[in-house]
Amino acid sequence: MSYPINTAQHLTIGEVDAIDLAKTYGTPLYVYDVTKIRQTMRDFKAIFEKEDVPYVVSYASKAFASKAIYQVAQQEGIHADIVSGGELYTALAAGFDPKHLSFNGNNKSWDELTMAVTEGVGTIIVDNFLELQLLSEITTQNGVKQDILLRISPGISAHTHEFISTGQQDSKFGFDLLTGQAKTAYDIARQNENFNLRGLHAHIGSQIFDVTGFEKNAALLAETAKSWGFQPEVINVGGGFGIRYTSEDEPLPESEYADAIIRTLKSKAAEYDWKMPEIWIEPGRSIVGPAGQTLYTIGSRKDIPDLRHYLAVDGGMGDNIRPALYQANYDAILANNPNASTQEVVRVAGKYCESGDVLVWQQALPKTKPGDILSVLATGAYGYAMASNYNRNPRPAVVFVENGKHQVVIARESYAHLIALDHDYMLKNGK
Ligand code: LLP
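Residues numbered from 1 in each chain as written. Predicted model: local features only at pLDDT ≥ 70, side-chain atom pairs only at ≥ 80, totals over all residues. Heavy atoms only, no water.

Another aspect to go through is the environment of Asp372. Assignment of secondary structure puts Asp372 in the loop between strand E17 (358-365) and strand E18 (373-377). Its relative accessible area of 5% is what places Asp372 among the buried residues. Expressed as a C-alpha distance, the spacing of Asp372 and Ala335, which sit 37 residues apart in the sequence, is 7.7 Å. Those residues in contact with Asp372, other than ones at most four positions away along the chain, are Tyr296, Thr297, Ile298, Leu334 and Asn336. Of the polar contacts made by the side chain of Asp372, one reaches the backbone nitrogen of Lys369; its length is 2.9 Å. (Helix = DSSP H or I, 4+ residues; strand = E, 2+ residues; numbered from the N terminus. Buried < 20%, exposed > 50% of the residue type's maximum accessible area, 1.4 Å probe, protein only. Contact = heavy atoms within 4.5 Å. Polar contact = N/O pair within 3.5 Å; in protein donor to acceptor, adjacent residues only side chain to side chain.)

What follows covers the packing of aromatic side chains. What the rule picks out here adds up to 17 aromatic pairs. Taking the centre distance of 5.6 Å and the plane angle of 40 degrees together, the rings of Phe44 and Phe241 count as tilted. One end of the pair, Phe44, is in helix H2 (residues 34-51); the other, Phe241, is in the loop between strand E11 (234-236) and helix H9 (254-272), and 197 residues separate them in sequence. Take Phe44 and Phe241: they sit in the same class, and that class is buried. Taken together, Tyr30, Tyr32, Phe64, Tyr384 and Phe400 form an aromatic cluster joined through their ring pairs. (Phe/Tyr/Trp six-rings, centres within 6.5 Å; stacked < 30°, edge-to-face > 60°.)

So, on to the domain arrangement of the protein. By domain assignment, the protein separates into domain 1 (12-32 + 291-418) and domain 2 (53-288). Placing a centre on the C-alpha atoms of domain 1 and another on those of domain 2 gives a separation of 33 Å. Between domain 1 and domain 2, the residue contacts involve 20 residues of the former and 17 residues of the latter. Together, Tyr326, Tyr382 and Phe400 form the three largest contributors to the area buried by domain 1 at its contact with domain 2, with a combined 32%. (Domains from an automatic or database assignment. Buried area = accessible area lost by both parts, 1.4 Å probe.)

In this section: the environment of Asp303. Within the secondary structure, Asp303 is located in strand E13 (residues 292-304). On the accessibility criterion, Asp303 (40% relative accessible area) is partly exposed. With residues near it in sequence (within four places) discarded, Asp303 still touches Arg308 and His309. Looking at Asp303, its side chain comes within polar contact range of the side chain of Arg301, at 2.8 Å. For Asp303, the side chain forms a polar contact with the side chain of His309, separated by 2.5 Å.

What follows covers the packing of helix H5 (residues 110-119) against helix H6 (residues 129-142). H6 packs onto H5 with a crossing angle of 45 degrees between their chain directions and a minimal axis gap of 10 Å. Between H5 and H6, the angle falls in the class oblique. Between H5 and H6 lies a crossing whose hand is right-handed. Residues Trp110, Leu113, Thr114, Val117 and Thr118 of H5 form the contact with H6, whose own contacting residues are Glu131, Leu134, Leu135, Glu137, Ile138, Thr139, Gln141 and Asn142. Grouping the amino acids of the contact of H5 with H6 by side-chain chemistry returns 6 nonpolar, 5 polar and 2 charged. (Axes fitted to C-alpha atoms, helices over the stretch in contact; angles between N-to-C directions. Parallel < 35°, antiparallel > 145°, perpendicular 65-115°, else oblique. Left-handed = near helix turned anticlockwise from the far one by under 90°. Nonpolar A, V, L, I, M, F, W, Y, C, P; charged D, E, K, R; others polar.)

Take unusual backbone geometry next. Apart from glycine, the bulk of residues carry a negative phi angle, and the bulk of peptide bonds sit in the trans form. In this model, Thr27 is joined to Pro28 through a cis peptide bond whose omega is -10 degrees. Within the element layout of this structure, Pro28 appears in the loop between helix H1 (18-25) and strand E3 (29-33). Not every positive phi belongs to a glycine, and Tyr382 is a case in point at roughly 60 degrees. Its location among the elements puts Tyr382 in the loop between E18 and strand E19 (397-402). Positioned with a positive phi, Asn403 is a non-glycine residue whose angle comes to about 50 degrees. Position of Asn403 relative to the elements: it lies in the loop between E19 and strand E20 (405-410).

On to the nonpolar core. Counting residues in hydrophobic clusters, the biggest one holds 86 residues, and the most contacted among them are Phe64, Ile124, Leu150 and Val288. Three or more residues apiece are contributed to this core by two domains, here domain 1 (12-32 + 291-418) and domain 2 (53-288). In terms of nonpolar packing, the next biggest core, distinct from the first, is built from 19 residues, Leu29, Ala335, Ile373 and Leu377 among them. (Core = buried A, V, L, I, M, F, W, Y, C linked by side-chain atoms within 4.5 Å.)

Inspection of the entire model under this criterion finds 19 salt bridges. Here Asp187 ties to Lys183 by a salt bridge, and the two come within 2.9 Å at their closest N and O atoms. Here Asp187 and its partner Lys183 are both found in helix H7 (residues 181-191), 4 residues apart, which amounts to about one turn of the helix. A salt bridge links Glu223 to Lys268; the shortest N-O distance between them is 2.8 Å. Of the two residues, Glu223 sits in helix H8 (residues 212-227) while Lys268 sits in helix H9, which places them 45 residues apart along the sequence. In this structure Lys268 comes out as buried when scored by relative accessible area, which is 12%. (Salt bridge = Lys/Arg side-chain N within 4 Å of Asp/Glu carboxyl O.)

This is how it looks when you write it as structure tokens:
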């Protein structure tokens with residue numbers, strides 16, 4: 001693997017020197033190459049356009065939500081999927097057209113649904129019976145006819161980590177298909193004149209590397225609708241397209257996943273004599289994951305003879321919980337000279353007070369010294385999104401880089417931010 005460098009041998013990101021970025025903004029630092037983000041968004045759209053099928057590419061913004069990314073999505077003409085009032089608030093603050101939002105989630109509150117309905121969120125993806133009831137009341141109160149999809153648990157288990165697999169039958173998401181709950185929900189939704197039921201949704205999981213699950217899912221949604229005598233305008237197959245985290249991962253190109261879905265639904269539409277439904281996909285990770293990396297400053301090390309070399313950096317599980325949570329693997333490179341030959345294998349650990357605070361389990365690196373900059377690659381999805389203030393560490397800044405220019409899109413938290421919501425305790429002995 002060879003990495004882009006400049007004459008100083010430094011790693012470049014979007015044509016900007018990574019060491020300069022670290023100096024300018026400090027570390028840890030999330031850096032996104034916006035050119036890559038735009039390219040992936042365009043690639044997804046191009047596949048559907050080439051096949052001449054109606055479609056919506058909806059960025060699953062849980063992967064990385066910020067005003068800036070909603071703005072990029074909007075510029076590229078794609079929609080966004082939200083899963084909370086907070087994501088909705090952020091999208092609206094970014095000026096994102098609410099009609100182009102869809103709202104997923106298994107326990108949306110009254111307040112969140114009210115906000116969505118009154119702000120004009122285009123599509124609510126209804127997940128359960130309580131939500132049908134709440135949404136019925138809210139749409140009645142506000143005199144709104146709301147476009148909805150029904151989320152089905154398709155009973156398809158994708159080959160991925162159990163915690164990020166959502167499509168299997170034993171799942172908290174969606175109406176169960178096998179026990180007839182989905183059909184009951186369909187009947188309720190169809191009878192409610194405040195709902196415009198446009199179609200069905202099912203998401204089978206995340207970081208998936210083969211097309212079979214997507215084909216099965218698309219076919220199942222079409223077959224389900226057909227069995228109910230329902231001609232859907234929308235079939236939403238969710239997201240989950242796998243990406244390369246390490247050189248051992250071999251994801252398919254986006255086009256293969258999308259082509260398989262398109263092929264399946266074209267043939268179902270022909271078989272059932274349907275007008276071709278809009279195909280919706282909700283990629284999150286594949287849009288922002290590969291485009292992001294995190295820069296860290298190397299600090300202390302611990303060498304345990306015949307056992308392991310630990311290299312510690314100035315971040316860790318607070319800015320990337322994925323290795324600790326999912327045993328996720330990443331590749332890391334020395335940003336000072338990424339193409340230098342490697343000399344040792346280390347475990348990259350963070351600075352948090354926990355043994356599981358690991359960023360990279362095994363990494364071959366050149367000899368490094370304190371102060372060098374390490375870049376952990378492909379951290380753009382579910383990194384900042386799942387960041388925390390554990391150990392009262394401020395969350396890092398996020399910088400967007402494009403064509404040699406760079407800009408902060410989320411500022412680094414300060415110590416003052418950490419206590420901004422704290423109150424002194426005023427009671428003495430409970431009085
Ligand atoms: N649509 C729905 C309904 C979803 O539940 C998800 C992810 C997506 C789309 C986007 O999936 P993606 O294309 O990003 O794989 N925190 C975990 C991932 C959890 C994903 C949950 N749902 C991780 O860090 O791997």
